[in-house]
Amino acid sequence: MRSLSVLLAQVLPVPGDPGRNLDAAVRLVRDGPPADLAVFPELAVPGYALDAASRLAVAPDDPCFAALRRACADRRTAVVIGFAESGADRPYDALLCLDEAGATAGVYRKTHLFGAERDAFAAGDRLGCVVLAGARVGPLVCFDLEFPEVARTLASEAPDLLVCSAAMSPADGEHRVAARARALDTRTPLVYVNRVGDEGGYRFVGESRVVAADGSVVAELGAEPATAVVRVPLRTTPDPDVDYRHHLRPELYRYR
């Protein structure tokens, strides 16, 4: 069975200090335990400073990412990390996806913005997989996880793994349920990495986890800064009876 070693980087970003946050990410990739893929939280680079999002936004090819790209290449580790991407009108809440050579494999822009994010960011308009460490990865950001349609759309591209970067504050365990449900909906393993700490009036709860394709939790972190490398089996062909996408009846469903 194919698998990836995935580093869950449940970090505490320094608010409004992309330089320090990127330095910390570089140290973790360069000096931490070896992994095929390292996943960081939503907005791990600038912090969850919505009022400063425009000021802290950068392009994916900005020189600030040079050291991280080198660390990827040196360690042969792909990276998914949240940043504020500069846009024509407003920035995007985005994920920079770097392959194991440090090249940009893709940029995902969060498509479902939550609350005050709608004033700070523009919404992305595309869902799609990227290739990282030889695997097809379907990226999501935080609130995206709560919509079955997002994961199911990504599943149409046959991902090996779903990856969700989050900045989630307490909500009665909604993401604990959603992460298991999205894995089960699509019969695809899911890696969920949330940040910790207090910022902007929010308390972020961590609880990063790896969920198997059957919805079971195979690894989970607590509520403090932590890292863990988890061996994650990639998607295999599910039993046809429970491959839900092949039993959908869209002619019955109403969304409005």
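I will try to describe carefully the structure that is included in this document.

About the thresholds
- Residues numbered from 1 in each chain as written.
- Predicted model: local features only at pLDDT ≥ 70, side-chain atom pairs only at ≥ 80, totals over all residues.
- Heavy atoms only, no water.
- Pairing = 2+ DSSP bridges.
- Helix = DSSP H or I, 4+ residues; strand = E, 2+ residues; numbered from the N terminus.
- Axes fitted to C-alpha atoms, helices over the stretch in contact; angles between N-to-C directions.
- Buried < 20%, exposed > 50% of the residue type's maximum accessible area, 1.4 Å probe, protein only.
- Parallel < 35°, antiparallel > 145°, perpendicular 65-115°, else oblique.
- Contact = heavy atoms within 4.5 Å.

1. Regarding the sheet that holds strand β14 (residues 226-233)
Read across the sheet, 6 strands follow the order β5-β4-β3-β2-β1-β14 without closing on themselves; strand pairing throughout is mixed. Only two strands of the sheet have a single partner each, and these edge strands are β5 (104-109) and β14. Across the sheet, the mean angle from the axis of one strand to that of its neighbour is 25°, orientation sign disregarded. When strand β1 (residues 3-10) meets β14, the two strands line up antiparallel, connected through 8 bridges. Bridging across to β14, Gln 10 finds its partner in Ala 226.

2. Quick look at the pairing of strand β4 (residues 92-98)
The buried count for β4 comes to 7 of 7 residues, which makes it a mostly enclosed element. Of the two faces of β4, the one holding Tyr 92, Ala 94, Leu 96 and Leu 98 and the one holding Asp 93, Leu 95 and Cys 97 are both buried throughout. Taken together, the 7 bridges between strand β3 (residues 78-85) and β4 define a ladder with antiparallel strand orientation. Counted as the bridge partner of Val 79 is Leu 98 from β4. Between the end of β3 and the start of β4, which pair antiparallel, lie 6 residues. As defined by bridge partners, β4 adjoins β5 across 5 bridges and the pair is classed as antiparallel.

3. Digging into the packing of helix α1 (residues 18-31) against helix α3 (residues 66-75)
Following both chains from N to C, one finds α1 and α3 inclined at 5°, their axes separated by 9 Å at the closest point. By the criterion of interaxial angle, the relationship of α1 to α3 is roughly parallel. Each of Leu 22, Ala 25, Val 26, Val 29, Arg 30 and Asp 31 in α1 lies in contact with α3, whose residues at this interface are Ala 67, Leu 68, Ala 71, Cys 72 and Arg 75.

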